[in-house]
Amino acid sequence: MIVEQIKQQALRLFASKGYEATSLDMIATEVGRKKPSLYTHFAGKEQLFLAVFNEAIAEEIRVLEEFYDRHSGQPFEQTLLRLIETYKERYMRDDRLKLILYHGFIIPQVHEETIKDALNRYFDRKEQLARQRLTDAASSLAVDVDAAVLAYSNLLEGMLVELIYAGTDRFDRRLAGSWEVFRRGILKKP
């Protein structure tokens, strides 16, 4: 139970302040413990961060897979657009997503390769799931599946950058314009 409390508070602080600005003292204070008691459960801040980060990646992959499963009967356009909209909704309330997005752009030097590997697992799975949906719709595409996947990945990543740096205020307007250009660019003309 205490381990989960420690990880929960660490997640919240790492997601809101970043790795460098979060100290074990801060986490201990949030849990209502003294810093030395954290060492009973974690060797240090690095180990705690990696535990929290890897759990966030695993959960985010699970969320993506569940999303695609839930939307399997819907048109691919609707599913792909809805996924981007869902990121906006989740970003407001999901510390795991904030942690991944924040540290996907500002990777801590500590265990940099381990973090990059975890991020690449997440990005690869995200791309695989989009590829599956676009492959199913290949007959309605004006471009090959690889081009559609790359264009969608770029659109999605661009919208995630928008969330991080500009917040949600401009998100809807930018998504509407970008989505229309993406959609027209990949679909065959009727």
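Keep in mind that what you see is a predicted model, and the values were worked out from it rather than measured.

Caption draft 1: Local environment of the UniProt feature "DNA-binding region" (unreviewed entry) in the protein chain. If you check UniProt for "DNA-binding region" (unreviewed entry), the listed places come out as residues 23–42 in our numbering. Within residues 23–42, the helical portion is 60% and the strand portion 0%, while the C-alpha atoms at the span's ends are 13 Å from each other.

Caption draft 2: Focus on the packing of helix α1 (residues 2–17) against helix α4 (residues 45–70). Between α1 and α4, the shortest axis-to-axis distance is 10 Å and the interhelical angle comes to 85°. Comparing the axis directions of α1 and α4 gives the class roughly perpendicular. Across the interface between the two elements, Ile-6, Lys-7, Ala-10, Leu-11 and Phe-14 of α1 pack against Lys-45, Leu-48, Phe-49, Val-52 and Glu-55 of α4. When grouped by side-chain class, the residues that make up the contact of α1 with α4 number 7 nonpolar, no polar and 3 charged.

Caption draft 3: A look at the UniProt feature "domain: HTH tetR-type" (unreviewed entry) in the protein chain. The UniProt entry lists residues 1–60 under the feature "domain: HTH tetR-type" (unreviewed entry), expressed in the numbering used here. The straight-line gap between the two end C-alpha atoms of residues 1–60 is 22 Å; of that span, 73% is helix and 0% is strand.

Caption draft 4: Quick look at the environment of Tyr-91. Its location among the elements puts Tyr-91 in helix α5 (residues 76–91). Sequence-wise, Tyr-91 and Pro-36 are 55 residues apart; in three dimensions their C-alpha atoms are separated by 33 Å. With near-sequence residues (within four places) excluded, Tyr-91 lies in contact with Leu-97, Lys-98, Leu-101, Leu-163 and Ile-164.

What counts and how
Residues numbered from 1 in each chain as written. Predicted model: local features only at pLDDT ≥ 70, side-chain atom pairs only at ≥ 80, totals over all residues. Heavy atoms only, no water. UniProt positions renumbered as here; feature names shortened; annotations may be inferred. Helix = DSSP H or I, 4+ residues; strand = E, 2+ residues; numbered from the N terminus. Axes fitted to C-alpha atoms, helices over the stretch in contact; angles between N-to-C directions. Parallel < 35°, antiparallel > 145°, perpendicular 65-115°, else oblique. Contact = heavy atoms within 4.5 Å. Nonpolar A, V, L, I, M, F, W, Y, C, P; charged D, E, K, R; others polar.

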